[in-house]
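# Structural characterization, general
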Amino acid sequence: QYSPESVAGADGELDPTEVTFPGCSCRSRSCAAPECPCLSRGHSYSSLGLLLAEQQQQQQQQQQQPPFSRPVFECNSLCCCGEGCQNRLVQRGLQLRLQVFRTRHKGWGVRALQPIPEGSFVCEYAGEVLGFAEAQRRIQAQSPQEPNYIIAVREHLHDGRVMETFVDPTRIGNVGRFLNHSCEPNLFMVPVRVDSMVPKLALFAAADIAAGEELTYDYSGRFRNFPGASRERKAPEEENSLRKPCYCGSRTCASFLPWDSSLFSTP
């Protein structure tokens, strides 16, 4: 079942459509920092719809602040600004021409049918938003031959806490479910919050992308992270039988798709 955005999973634990954030009182057509409380919380977009994370990260390093990525909060349904506000991007959904196609070794894939500038929002990875118990139950019920679409996104807060989001587009999802992994990807994933703390898993262009180029991202989330940011451990040899080979063909290919044993382990 095609859904342009994430929906509450069958376990009913999280509802991504529930509005829990207060809206801003900005009366202008487009919000601006630092006046807008939504923008003051984290990264912002340019008037061209480009994520300004890289520029802010460089400023942060120049100021010798701790190397933490700032979150993204878009204006929401309770905000007073107009629909044309530049801080409303991911919530507008897919705006680009993409094509699902059959690859040579990787099954289905997605390619761009138009040039995509670096920093542009491409699409959301949408599906059922699950709690940990249901995500673990589903992944343990899969056979090794079945494709796994469940993604576990962990956001590491500066105070040591970890926020987890599990999205499963196996039965309900969008074009994002057909994106393949690459060890040298041209997309990166950013959790973007609009109405609540349940984030939209938004994919942005990591470089200028040409028409006809396959779109890929790193399933492990290592992309643009600082050294040691990923907690993916090296799987022992006996677990390699459970892992799926990687066919990305990049120079730095790790031979296997990223491995996260937490959903397979029992308490």
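A brief report on the enclosed structure follows. Remember, predicted model here, so these are calculated numbers, not experimental data. (Residues numbered from 1 in each chain as written. Predicted model: local features only at pLDDT ≥ 70, side-chain atom pairs only at ≥ 80, totals over all residues. Heavy atoms only, no water.)

### Considerations on the overall build of the chain
Helix and strand counts for the chain stand at three helices and 12 strands. A total of 267 residues make up the chain; the buried ones form 44% of that total. Long-range contacts, defined as pairs at least 24 residues apart, comprise 68% of the intrachain contacts of the chain with a sequence gap of at least 6. Working note: accessible area of the chain is about 14,500 Å², and carbon and sulfur atoms make up 51% of it. (Helix = DSSP H or I, 4+ residues; strand = E, 2+ residues; numbered from the N terminus. Buried < 20%, exposed > 50% of the residue type's maximum accessible area, 1.4 Å probe, protein only. Contact = heavy atoms within 4.5 Å. Areas by Shrake-Rupley, 256 points an atom, 1.4 Å probe, with all protein chains shown as cover.)

### Considering the nonpolar core
In terms of nonpolar packing, the biggest core is built from 23 residues, with Leu98, Ile116, Val122, Tyr125, Leu179, Leu187 and Leu215 touching the most fellow members. Among the elements of the structure, β4 (108-112), β5 (121-124), β7 (151-156) and β11 (200-205) are those that each provide at least two residues to this core. When residues of this core are assigned to their parent elements, the largest contribution, three residues, is made by β11. Once residues lying within four places of it in the same chain are set aside, the contact partners of Val122 are Leu94, Leu96, Leu98, Ile116, Leu187, Leu203, Phe204, Ala205 and Leu215. Ranked by size, the runner-up nonpolar core spans 12 residues in total, among them Tyr45, Leu89, Val190 and Phe204. (Core = buried A, V, L, I, M, F, W, Y, C linked by side-chain atoms within 4.5 Å.)

### A word on the layout of surface pockets
The computed volume of the second largest pocket comes to approximately 270 Å³. Along its surface, the second largest pocket is lined by 17 residues, and Glu5, Pro16, Val194, Asp195 and Lys200 are the ones closest to its centre. Looking at the lining of the second largest pocket residue by residue, the classes come out as four nonpolar, six polar and seven charged. (1 Å grid on protein atoms, 1.4 Å probe; cavity = no way out; pocket = protein on both sides within 12 Å on 5 of 7 lines; lining within 4 Å. Points joined across faces, edges and corners; volume = space filled by probe spheres on them. Nonpolar A, V, L, I, M, F, W, Y, C, P; charged D, E, K, R; others polar.)

### Overview of the sheet that holds strand β1 (residues 7-8)
Spatially, β1-β6-β8-β7 is the arrangement adopted by the four strands of the open sheet, whose pairing is mixed. In this open sheet, the two edge strands, each paired with only one partner strand, are β1 and β7. Taken together, the six bridges between β7 and strand β8 (residues 162-168) define a ladder with antiparallel strand orientation. Looking at β8, one finds that Arg154 is bridged to Glu164. Sitting on the sheet, helix α3 (residues 132-141) is in contact with β6 (128-130) and β8, with an inclination near 110° to β6. (Pairing = 2+ DSSP bridges. Axes fitted to C-alpha atoms, helices over the stretch in contact; angles between N-to-C directions.)

### Topic: the pairing of β7
Every second residue of β7 is oriented toward a common face, the buried set being Ile151, Val153 and Glu155 and the non-buried set Ala152, Arg154 and His156. Joining the antiparallel neighbours β7 and β8 is a turn of five residues, in which Gly160 adopts a positive phi near 100°.

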